[in-house]
Amino acid sequence: MLIRLMIWVPAAVLLVGCAQQREVAFKMHTLNAESRFEAAGVCDMNNDSRLDIISGGFWYEAPAWKKHFIRDIPEQDNYYYDFANIPVDVDGDGWIDHVTVAWHNKQISWVRHPCDSNKPFEVIKIEDPGHFETAFGFDVNGDGQTDIVPNIFDGEPGWYEFKRDPQMPQGVNWIRHPLPKDAIGPGIGVGDINRDGRNDLVGGKGWAEHPADPKAEWVWHAEFDLGDASIPILVHDIDADGDLDLIWGIGHGYGLYWMEQGRNALGQRIWSRHEMDKSWSQAHAPILADINNDGRMELIVGKRYHAHNGKDPGANDPRVIYWYGFDIARQQWTRHVIAEGGPAGLGIAPAAADIDGDGDIDIIAPGKSGLYLFENLLR
């Protein structure tokens, strides 16, 4: 199935195309049309130097995408207890494990690779601090190791790092760093908002400042309200003016936005909200990647199919996946089609990577309507 670029211009907000934006075509591969897991991760699961795909209870072996069993995962209310698949070698044995979270049991866990990809994996609980919607991996403290940043809706918000310690169970010590209670709720992201060299945590209603002293409390700045924000909230210098802006979607309604960071006449930080697209709903899991090899990051985002089991506005509208390019000179966005009206959406935790090693970024699209790979045909 070949899907080619299309430019869309809405009446409400003009998105002007940019001459430098290269055309991209995608080929859709159906990995498992029956899969209903909403998260995916990309890593080399069998150490054969090829990138494989994790999605829920299975992993798919490149290049033929043979399905392998990982573990049985409970299902409740049409959701699996698996809202993230973050690849990371937790125990340092040279085999990639992954971290997952679940809403229903409030648990964050790591799934230990058995060092034989044909054996079941072990699920090891880290703790159960509250309801999780999903989580993503990011080096929060700049030590070169992936940390886990979950989105917590109640309980105890925080981010997690791990240290290998032979005295601890499974040889790993997990450390939760608390965040202000204001970080609870929809939306979370990571980036250096105040340009002090430390990564801050962005929430739906403000951001938490990373203190210079690792033992000090993070300071909350209630500077905006993003509403029912996506996960992650993307933190990126969109307009190339030297400060970091925000991109987010409305996870359970219509709307895709960006927030421009600036300064007023007194030098105080201010935020200006800009609408990008309100024509489709459930933009739950945006990604940044250089989709057309122009040296700049583009936005990849799509509909999370039946995020609330058909109860969200526009839940049964056609499934879509788009990428958006930003024209810095014109300060305007252009929308391009990856998939439209087909079976695929982007679930709660999709992935983007050069999975076939040909030099361009491909997209892994999990969701309640199946697991799909969109091969980027750019050469």
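Because the structure is predicted, anything quoted here is derived from the model rather than measured. Every chain's residues receive numbers from 1 upward, in the order its sequence appears when written. Reporting of local features is limited, given that this is a predicted model, to residues whose pLDDT is at least 70; pairs of side-chain atoms are given and counted only at 80 or more, and all residues count toward the totals for whole chains, interfaces and linings. Each side-chain value is derived from all of the structure's non-hydrogen atoms; neither hydrogens nor water enter the calculation.

Colleague: What am I meant to see in the layout of surface pockets here?
Modeller: Any space left empty among the atoms is revealed by the rolling of a water-sized probe across them. In this structure, the largest pocket spans a volume of roughly 760 Å³. Two kinds of site are reported from a 1 Å grid over the protein atoms alone, namely cavities, where a 1.4 Å probe fits but cannot get out, and pockets, open sets with protein on both sides within 12 Å along at least five of seven lines, and residues are called lining when an atom falls within 4 Å of a point. Forming the boundary of the largest pocket are 30 residues, of which F136, G137, P232, I287 and P350 lie nearest the centre. Numbering of helices and strands starts at the N terminus; helices are DSSP runs of H or I of at least 4 residues and strands are runs of E of at least 2. Mapped by element, the contributors of at least two residues to the lining of the largest pocket are β3 (41-43), β9 (86-88), β13 (132-138), β17 (188-191), β21 (234-236), β25 (287-289) and β29 (351-353). It is β13 that contributes the most residues to the lining of the largest pocket, five residues altogether. Grid points are joined across faces, edges and corners, and a volume is the space filled by probe spheres set on the points.

Colleague: I keep staring at the sheet that holds strand β10 (residues 97-101) and nothing clicks. Help me out?
Modeller: Consider a sheet: its strands pair through backbone hydrogen bonds, and that pairing is either parallel or antiparallel. For two strands to be treated as a pair, DSSP must find at least two bridges joining them. Pairing in this open sheet of four strands is antiparallel, and the strands run β9-β10-β11-β12 from one edge to the other. Strands at the two margins of the open sheet, each flanked by one partner only, are β9 and β12 (122-127). Along the sheet, successive strands turn relative to each other by an average axial angle of 30°, direction set aside. In this sheet, strand β11 (residues 108-112) lies alongside β10 in antiparallel orientation, the contact comprising four bridges. Residue pairing in the sheet places V99 in a bridge with W110 of β11. Lines fitted to the C-alpha atoms define the axes, with helices restricted to the stretch that makes contact. Angles between their N-to-C directions range from 0 to 180 degrees.

Colleague: Explain the sheet that holds strand β20 (residues 219-221) here, please?
Modeller: The sheet built from four strands is open, its strands ordered β17-β18-β19-β20 with antiparallel pairing. Two strands close off the open sheet at either side, each with one partner strand: β17 and β20. Going across the sheet, the axis of each strand differs from the next one's by a mean of 25°, ignoring polarity. In terms of strand pairing, strand β19 (residues 206-209) meets β20 through three bridges, oriented antiparallel. Following the sheet pairing, E209 is matched in β20 by V219.

Colleague: Would you mind showing me how to read the environment of H284 here?
Modeller: As for its placement among the helices and strands, H284 is situated in the loop between β24 (269-281) and β25. Sequence separation between H284 and T30 is 254 residues; the distance between their C-alpha atoms is 22 Å. In this analysis, two residues are considered to be in contact whenever any of their non-hydrogen atoms come within 4.5 Å of each other. Not counting residues within four places of it along the chain, the set of residues in contact with H284 comprises E133, S230, I231, G251, H252, G302, R304, G347 and I348.

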